[in-house]
Each structure stands twice: as C-alpha cells, then as structure tokens.
Amino acid sequence: MSPAFGRGAMTNHMIDLKNTNVALIMGSNIAENHPIGMKWLTEGRLDPKRQTKIIHVDPRFTRTSAVSDLYCPMRSGTDIAFLGGMINYILENDLYHKEYVLNYTNISYIIKDEYGFEDGLFSGYDESKRTYDFGSWGYQYDADGKIMTDETLQHPRCVYQLLKKHFSRYDVDTVCRITGSPKNKYLQVLDIFCSTGEPNKTGTICYAMGITQHTVGSQNVKAFTIVQLLLGNMGRPGGGINALRGENNVQGATDMALLFHIIPGYISSPTNTEDNKDLISFIRKITPGAAKLPFNNLNEFREIVKQGIPYSGWKVHSSKWVVSLLKAWYGEAANASNDFAYHYLPKRDASKNYSHIALFEAMYRGEIEGLFVNGTNPVVGGPNANKEQEALTKLKWMVNIDLWRTETADFWTYPGWDRAVDNPNVNTYAPTNIGTEVFFLPAAAVYEKEGTAAQTGRWVQFRWKGADPVGESKADLWIYDELGKRLKQLYAGSNRPEDEPILNMTWEYEGHAGEEEPDILKVAHELCGFHIADGTPVEGFAQLKDDGSTACGNWIYCGGTTLKDGKFIYKPQLREKDDPSGLGLFPNWGWAWPVNRRVIYNRCSVQPDGVTPWPGDEDRRLVWWDAEAGGWTGWDVPDFIKSVGPDNPAFKDPFIMRPEGKACIFAADGSLIDGPLPEHYEPWESPVPPVLNKQSLNPVAKVWEPDKKGTSDKYPIIATTYRVCEHWQSGSLTRNLPWLAELMPDMLIELSEELAKEKGIKNGREVIISTTRGDIKAIACVTKRFKPFVLGDDIVHQIGLLWQFGFKGYAKGDIANRLTPHIGDANTMCPEYKAWLCDIRRA
Amino acid sequence: MAYLTNLYDSSRCTACRGCQVACKNWNQLPAVIEPFRGNYQTHEDTNADTFTIVKMIETEDPVDGVIWNFLKYQCMHCFDPACLKVCPRDAYTKTSWGATVHDPDKCIGCQYCTYACPFEIPKYRKREDITTKCTLCADRVEEGLQPACAATCAPGALMFGNRNELLQYAEDRVKHLRANGFPRATIYGKMELGGLNKLYVLTDTPDKFGLPVDPKVPGQIPFWKDWVQPYIGWLIPLALAGSATSFVTTRILANKHGKHDEGGHE
Ligand code: SF4
Ligand code: SF4
Ligand code: SF4
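Residues numbered from 1 in each chain as written. Chains lettered and ligands numbered in written order. Predicted model: local features only at pLDDT ≥ 70, side-chain atom pairs only at ≥ 80, totals over all residues. Heavy atoms only, no water.

### Brief notes about the packing of aromatic side chains
Residues and elements named next belong to chain A. Note the cut-off: A pair of Phe, Tyr and Trp rings is counted when the ring centres sit within 6.5 Å of each other, with Trp represented by its six-membered ring. The angle between the planes then sorts it: under 30 degrees is stacked, over 60 is edge-to-face, the rest tilted. The rule is short: NZ of Lys or CZ of Arg within 6 Å of the ring centre and within 35 degrees of the ring normal puts a charge over the ring.
Throughout the structure, instances matching the rule amount to 47 aromatic pairs over all chains. Site record: aromatic cluster; members linked through ring pairs are Tyr115, Phe117, Phe122, Tyr125, Tyr132, Phe134, Trp137 and Phe666. Stacked on the ring of Trp40, the Lys or Arg Lys39 has its end atom at 5.2 Å from the ring centre. Lying over the aromatic face of Trp624, Arg621 brings its terminal NZ or CZ to 4.1 Å of the ring centre.

Rendered as structure tokens:
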C-alpha cells in the first residue's frame, strides 16, 4: 500500500467496518480469523442507514462465505485477474468517482514516453538478472520541474489512458477463464462493489494472508489500491483497505521494525554502501527529492528544508526522526560532533536478503551459528518446513522463548524423521546426531504481563496484568532487559571502538524499588520521545528536532505520552467511551498512531474545497477546514498539515506521506520492483499455462530451489493453507488447551466430493498429500463447500490444508508446511503458502 | 415474574463456538476429545461434559447453491418440562424466571429424563452417576450476569433478556429476513411444546437446522408420571425396578450413538 498511499498500514479500523455500504472480503476469512471485525460488519448490516452488503471472494467456502450476502469462488493465485477485470469494468462503464480521482490521485499525470508494456513485461527488463531498470517508469516534468498533467485525461500518455489500455485485456470472459469464477457470480460482485463509486456510498476491502502470501502479493494489494482509488473509497468512513493482521500486535511488531529492511518508524535501514556511509549521506538517501540538492552538512540541509523541497511530502522530516532515534538509543554518546553516533547503527549488506526464507536458506548452508526464536514456531509455520527443521540442526545454539516447548523448541525430538510416510528427498536425523544446543526460556502469557499491543487498526492499547506467571516463566520485557544488562556487563571496561554501541547504548528501565520487573512506562517514555533538556514528553512528531535536543525511539509513536497536571500519562492506557461522531472513532479509548488518527488519509472525506461533504454523505465527514479558525479540525485528527489552507497549492494533496501529495494509481520509479501496474502472473506452481501474456511466473520473483518446482503432470492438484477459528497461528497455544483442542482435534484437509470420488477417498479417512518437498498424512473432510474450477476446457481441483498442526500438544497432526515451497513475493519475500501443487491418495 | 431467556439468531452466528468454550469454562467441564470424523462440528451431540454444541449442517440446492447452517443447541428450558415431570426424585425445578434447573444431589442417574426429553438433552455422567445439562447459567443470572455463552458471543447472535422483548426482536428480524432473501425464515420456541424458554431466529425451516419441526414428548411419559405421582414416596423403588428401568434400558440399547455411558474421558 505504501507505493500508493505512503504508508503500509490498515487505513481504517475495526469499528469503522460498521460504516460501510459494501464490504469486499477477499483473501480473508474474517468470520473465523477476525471475529471482532465480523462483529462490526454485522452491526453495519443491522443499521438501516447502511444495510451493509458482504461479498466474499475466496477459493474456499468458509464460515465467512456462510454469513455473506454473496460468495464468489476464485482459483488460488488469480486475484489480479479478478481485480483487473473489476478495474476494466469500472473504466469501461465510467463508474469511477470522477471528482475524487481527478483531485486526489495521479490519474492525470503524464508518464514518460519510454514506458511500455508488452507480453507481460514492462519496459526495462533484464532477463539475465530477472530485474527491471525502472528508468522509464516515471513522470514527465516541465521546464520548471513540475510534473506534467492533463486534467481532461485525454493525453495518450496520462495514467488514465495507460491504465485503460493495460486492463482492457481483462474482459469478463477472459477473467473467468483464468479465475474459474462462475460468470453470473462474478458479474454480481462487479455490480455490487462498483456501486460504491457513487459519491454517497463507501465500500471497504478487507484482506489478509490470502492476498499477501503469493509471488505477486504486493501487486495483489496494489490492485486493491487502484480499485479503491477509482471508486473514491480511501480516507472515508466505511472505506479503505483493511489489512487484517495475522495476529494482534503484528502491527506493533512491524512498527518496532522487526523486519530486516527498516529501522523503527518505517525508515529504510542503512546499508553498507557508499550512499549510506555517514549521517548526511543517509539523510540524502531517505529524504525524497534530496538526491541532487547541494548540501554537505545538517545546517545546510536544514536551510534547504526551510525553503521547501518539491515533491518530498512529510518524509522531508526524516532527518529529525533519525537523529532523535539515535539520541534515544545512544544518549550522550550521540552528538553533533560524531554524526549522532550514526556509525553505531549496524549496516546491512545491501546485496543480501535477510527475510524468513533467505535466513533459513543461509542457516541451511551453515552460515548462521545461533538463533533466538521468540513467540514464533517456524517448524510449523515456516514454508518448506522439512528444510527449515533441518536447517535448525546446523545451528550451534538456539534460544527458544515460549509458553510451551513448541515443535521448534523440540525439533530434535521429531518422531517423523524415521516414519513410514517418508519422502526420499527428506533427510533423516536422530536426536543423537543433532549438535544444536537448545536453551528454553519459559515465557509469560499475555494475561500474565503488562504492556501494549498495537492491533490491526493501529490502535495501541495497554493491557494490565491479570494473573501471575506460571512457574518460572517471565515477561518478555524482563527477559530482554536482563539480556541487555548482562551484555553491557560483559562488555564493561572494553575500549575497543566496535564495542561502543553496546557500551553506550542507553539502558535504564529499572523498576520501582523492590520490584524485579523493569518499568514499562520508562520504555514508553523513550519510545514516544522526550526533550533532552527537561525530560518532558514530546507532544507530537512536529516537535522532533535533528539538532540533538529531542530523543524518540519511534517517531510514529510520538504523541503517545503527555503530562497532565504534572502527571505522566501514557495514552494507550486511556479508557474513555465517548464517541461524539457516532462513527466509532472513540478518540479517548487507547491511542492510535499516528497522533491518534483513527482513519488515515481522512482529508479525502471532504471534497477538494475542504469543507463540503461528498454529495449525499453528510454524516461520513471526518475532518474539515475551519476558515474562521484558519485550521483543519473535525471528529478525527486531520491527516493533514493543520495550517495548510485554500491559498496553499498543497491544499488538495491529501496523501501527505507521498512525495506527489496524491495517491498513486501508477506506481512510479520502481516503488514496486515488479511493475508500476499489477499484471496477472500464475503462481510458481500452476496447473495451467498463462492466458493473458507469455509469462507464467512473476518475472522478478526470486527462485530459490528450481529443482523443487512441482509440475502438473505429477502434481495436478492446487493446494492452499489456512487457519480456522479454533486454533491460533501455529497452534502452539491452542493445541495445548484442551477446550480448543477438542474443537479441532486433528489435522485435516478439505476437498470436493468430485475429487474424493475420483480418488476413492472417504470422508473422515486418512489421506496422503505429497509434493516435491515432502509427504504428510491428514484426515479428509469431503465437503460440498469445495468445488472443482472450470477454466475454459480444463477442470482443476483445489484442496485446502490447515497449517496449524504439529507433533506437540493435545491436538496433534502432520505439519502442512512440510509441503509448501520456498518462494516468495518479489517485493516482500512473503512466502507463497497460498497456491502450490500437490497430489493426494488414500492412505 | 417475566421470563428471562436466551435468544439465538442464526443469521448472525458465525459458528465460532466461543459459546461452547465459554460454557465449559464457566461450568468447569473437561474437554471431550473425539477424533475428527469429517465435519467441523466434531461433537455429534451434547454430552455429559458438553452442555452445548454448535451444529454445522451443509446442504446444497440448485437455486441457493451451497448453504452452511449453524445452530447452537442445548436444553430448551421448556415451559412445561418433560424432564421435570418424569423425574422420580424431583431433581428438576423451574425457576421463577423460566430456567429448568437440575439438582445433581437429588439425581440418581436413572436417565428417565433423557428418555422423556423431546430433545434428548440430559446426558448421563458415569463418573458421578447423574445426568447433566445446560443450566441457563442460573447461578450467573441470579447474580445479575448474563449466561456465559451469551456474554461471549461477538457478533451478537446470542442475546439474553426479557422473553417478551426478545420475541419482539425475533418477529422484526424474521420479517426483515423474509424480505431479504430468506423467504422461509421463522421463529422457533415461541409455540413449540407450548413454548420454550429459549428462542431461535432461523433463516430456514427448523429441519434445515436439525431441529424437530414438531417436537413431542414420547407418548407414555405424561401418563406414567401423573399416575405415579400420588404414590411417589413408596413407589419409586418399585417403579424403578419395573417399568422405568425397562424404558431406560431399552432406550440405552436403542440409543443411536450407543454412547450414553461416555461421560467424557475419565
Ligand atoms: S459464540 Fe455466538 S457466533 Fe459464536 S458460535 Fe456461539 S452463537 Fe455462534
Ligand atoms: S429441553 Fe429437555 S431437558 Fe430441557 S427443559 Fe425441556 S425437557 Fe427438560
Ligand atoms: S446458558 Fe450457561 S450452561 Fe447453558 S449453554 Fe449457555 S453457558 Fe452453557
């Protein structure tokens, strides 16, 4: 989403689902996996004003389909075809929200003449490297350096015309031939969802891993952004693109940069290259529009910022976020004379990838000695689990922090290594020939510790401790605080410069006298930022400085703390139930980043004049320009610069995190490395040849194990993995709770009655599923809810597997991920769990 | 006193089974782990340690395509409970607000109630030699709380309150559903068996949810209790030795799952 809007987060929030006219649930099983989201959709349904219609598009008929108004099946991995057809339908029938699109997106921007697209390849493709040169994917600029536009949308190189041409190939019949959706159902989906292009309606899209876990995952999301921008559904109540996170606090984890390519606050992490060699180079790199500007130090840079950098957006302030972060981490050791200790920051190898698959591939090659596994269970949850489990045998040591001894903690005890169902490709181990030393630290459960979780809608909510931890288990904060303190002790007295980052790291979270637990509010204080001079909270990121006078552990959390009557307030602890707007914003319940905005891009909830609601939509206005007061105001915190009024040219630029100020239908300059517009490619393993173009696989997806690609002659059946309501993630929690284990006691696969008949498989009996990566057993759930897909003259079958089982706990079963491939999205490397090939037979 | 009841709206239920877990939690019932038999429902019926289940029924028709119906199933707290009528030890009582409550201390495990109940609800728990069933959370309701199942239901499919008010909701809801794609939507529990203190809004006819369309108390039952009541004090041993036992044993033998003595994993 960030190439389109500037941020990657869920745009609206859970309660906001009640405000929608139409919800398109695609690649998500909201009723089972986000039941609280479903609760709010139900509210919308019962509200006579909204009468929410729910559409479910999914390869499987799930409990979500059962409660939807319309279910439309779709073959796994064909989302772009499905959505491309929708884009085509909107454009062909002029259903787009004209005022909105013209003013708030880059639809009128003129694209370079060199940009082109042919046979599934965008201009600039280098086949030998499987990469693109993005040079031609840019805007045309006039003599003054302004992007050229054509508001009439007639210019043949404007985004509108290019978009129309690109998606003209996605006619309904072609789409249905690819997706296998029944044409009548598909037309109904188009009709109902595209009706939200009317200015008085909004439609929301909810998605989850069914969208992202593909070799085209990012482009799937990009296709959503185009649909939602054309229909004018962004930044408005009941609209948006709602990325439902796989678990609570995944949002928090990414906010805190538990990813390899960013540092806290979604800033690109520094690399070992020349353009990152010192602080000023780094700032030049991360500030949009700064590349060629004349400055050599922070002072000169500040002068330039003061005058304004065209097309830089809010990220023009990146230097303040970075310097404040360095101050938070290194305190007094970070100062103007030493580049604020920028040299302490680890620099990642720019030529390497450190995502999940890459990490385990490196581990498998023996390049990694030690591993911390905390709250994750890769032996169950990782792709190609046979390989990942084997990779663990190559480690010297592993620290596992969890509530139970999970399959990962006890990987060395795996009973299946010498079991009957085995694949010749899988190596056999025994505990006696595994050298990995495993340390297990029992962790406290969520109710046994205090802290915040940032839920899917960016709401950060504090949770108080409900019970004491069991036995010796400890809160994660305690564990990491001890680790930090002991590391510092170990390095104490060293005068080697490379030890300085640890020695000088600020680490003062000492709890109250007599308490063993560190003080979590001290962590919050550092995270949300403070003035160095007097230690008072920084009230918002506009106050952050790059001169060393402020410290802030994560700029997007700035404003989460305040002083009231001299008392320190941590806003995630707020629990007020007032909702003056009636739109479910609850501004004083918890706190949402950024600066308590509940719906991001909310400037779009009013017309370009900043005041008038969209026709017929008076009660869904979130913010507005108050001419008298000379500032923006409203029910929500405006996602806009407060003082920018009608006389400022940026007044109609609602996407402040984008350099253009507009949302990007066309993703210019390689913000997505696999193309400025989405194009349908088949999954890595697909049973059918490409229809729309000559490419089968996404041309830039990285292929790790070419020899492990299953072909449809041996493995003709499509498979996908998923979760059910009764188990959570890898099941390490829920399979250990008898009340949940009894509700979903065994590993199962779902298949159609037709396929069962063909293979002689009986409901409730064991089957064997095999791929080039491994074989597993499971119990067959033969159901009317699965149907074969008719693709032109071909009929293909799809099965579904729960990935939540393992060899520990009350409910045990084979691990579905022993079957899934090591291949991921071209941009994010998110593994393609959702579409791969297998074969099945009776056990 | 006005009756307080649980209403279940099948059009809002997502079959999350949170209610089933909440019930186990409140009543501290052990898990009954049965192997997966090819249906998400996992437990085919309620059992001595599972007072409520959510039925999941798949059907398909040429017009509507695949339909997956959900139904929360438990004791119906009948206005005129057959279980209460037949119990030789008066283990059953009706609270002033409509719950049919069973007293395990009085229960002798004869299972006559199981046979009498039109829904076969009371289940035998071998380890204590008693029958058990949903209590409508009388222990919570009398302390001003909602039943545990209703309190946990996220999409609001379960609602607890005054029966007359809930009946009004049900009438309105059914009207709305009938006009919006569910022409056969109906209320269950309003009239059945003279009224149940448990209301259902169904999106289709009761048989599509595994409910008896016209539930009946097995023929001999009212007769037996009315006859035996005056002599209850001295007749119990005799009755148990005679007719009742034979009913029960026949019932056990004929029981379609043959699982009466499966009081969970003990
Ligand atoms: S808790 Fe509510 S939604 Fe979930 S199964 Fe029970 S009745 Fe249905
Ligand atoms: S449903 Fe059966 S157990 Fe419940 S009150 Fe009625 S007769 Fe008694
Ligand atoms: S009312 Fe109480 S006992 Fe009855 S099903 Fe609900 S939670 Fe269980």
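### A short note on the domain arrangement of chain A
Residue and element names in this part refer to chain A. Filter applied, for reference: Each domain's extent is set by a domain assignment, obtained either automatically or from a database. The criterion used for residue contact is that any of the two residues' heavy atoms lie within 4.5 Å. Buried area, as used here, totals the accessible surface that two parts lose on assembly, with accessibility defined by a 1.4 Å probe and the loss added over both. In what follows, salt bridge is the name for a side-chain nitrogen of Lys or Arg lying within 4 Å of a carboxyl oxygen of Asp or Glu.
When its domains are assigned, chain A resolves into domain 1 (2-248 + 662-670) and domain 2 (706-842). Centre-to-centre separation of domain 1 and domain 2, based on C-alpha positions: 28 Å. At the junction of the two partners, domain 1 supplies 29 residues and domain 2 supplies 31 residues. Interface area for domain 1 against domain 2, summed over the two sides, is near 2,300 Å², with a carbon-plus-sulfur share of 52%. When the buried area of domain 1 at its contact with domain 2 is split by residue, Arg60, Gln213 and Thr215 rank highest and sum to 27% of it. Applying the counting rule to domain 1 against domain 2 returns 2 salt bridges. As a salt-bridge pair, Arg60 and Glu750 come within 3.8 Å of each other at their nearest N and O atoms.

### Observations regarding the layout of surface pockets
The condition is simple: Each cavity reported here is a set of points on a 1 Å grid over the protein atoms alone in which a 1.4 Å probe fits but cannot get out, each pocket an open set with protein on both sides within 12 Å along at least five of seven lines, and each lining residue one with an atom within 4 Å of a point. Grid points are joined across faces, edges and corners, and a volume is the space filled by probe spheres set on the points. What counts as a helix is a DSSP run of H or I of at least four residues, what counts as a strand is a run of E of at least two, and both are numbered from the N terminus.
Estimated volume of the second largest pocket: approximately 1,600 Å³. Lining the second largest pocket are 50 residues, with A:Ser68, A:Asp69, A:Leu70, B:Asp64 and B:Val66 sitting closest to its centre. Listed by contribution, the elements that provide at least two residues to the lining of the second largest pocket are helix 4 (63-67), strand 3 (70-73), helix 9 (183-194) and strand 28 (789-791) of chain A together with strand 3 (65-73) and helix 6 (163-179) of chain B. The element that contributes the greatest number of residues to the lining of the second largest pocket is strand 3 of chain B, accounting for 6 residues. There are two domains that each give the lining of the second largest pocket at least three residues, and those are domain 1 (2-248 + 662-670) and domain 2 (706-842) of chain A.

### Observations regarding the interface of chain B and chain A
Heads up, the condition is: Here a polar contact is recorded for every N or O atom pair within 3.5 Å, except that within protein the pair must consist of a potential hydrogen donor and a potential acceptor, and residues adjacent in sequence are included only if both atoms are side-chain atoms. Under the grouping applied here, Gly and all other residues not named as nonpolar or charged are polar, the nonpolar ones being Ala, Val, Leu, Ile, Met, Phe, Trp, Tyr, Cys and Pro and the charged ones Asp, Glu, Lys and Arg.
With 36 residues of chain B at the interface, the matching set in chain A holds 40 residues. Counting the surface lost from both chain B and chain A, the interface buries some 3,000 Å², and carbon and sulfur atoms represent 64% of this. It is B:Phe36, B:Tyr40 and B:Trp68 in chain B that bury the most area against chain A; as a group they hold 23% of the surface buried on that side. Ionic pairing is found between A:Glu742 and B:Lys24, a salt bridge with its closest N-O pair at 2.9 Å. Taken together, the links from chain B to chain A amount to 14 residue pairs in polar contact (both at pLDDT 80 or more). Its residues assigned to classes, the side of chain B that touches chain A comprises 18 nonpolar, 10 polar and 8 charged.

### Let's talk about the side chain of B:Thr50
Residues and elements named next belong to chain B. Filter applied, for reference: Classification of residues uses two cut-offs on accessible area relative to the type maximum, computed with a 1.4 Å probe and protein chains only: under 20% is buried, over 50% is exposed, and between them is partly exposed.
Structurally, Thr50 is set in the loop between helix 1 (18-27) and strand 2 (53-61). Thr50 sits in the buried class, given a relative accessible area of 1%. A distance of 2.8 Å separates the side chain of Thr50 from the side chain of Asn47, its partner in a polar contact.

### Side note on the pairing of strand 19 (residues 561-564) of chain A
All names here are of chain A. The criterion, for reference: Only strands joined by at least two bridges in the DSSP assignment are considered to pair.
With 4 bridges connecting them, strand 19 and strand 20 (residues 567-570) associate as antiparallel partners. Among the inter-strand pairings, Thr562 is bridged to a residue of strand 20, identified as Ile569. Between strand 19 and strand 20, which follow one another and run antiparallel, lie 2 residues, and Asp565 among them has a positive phi close to 50°.

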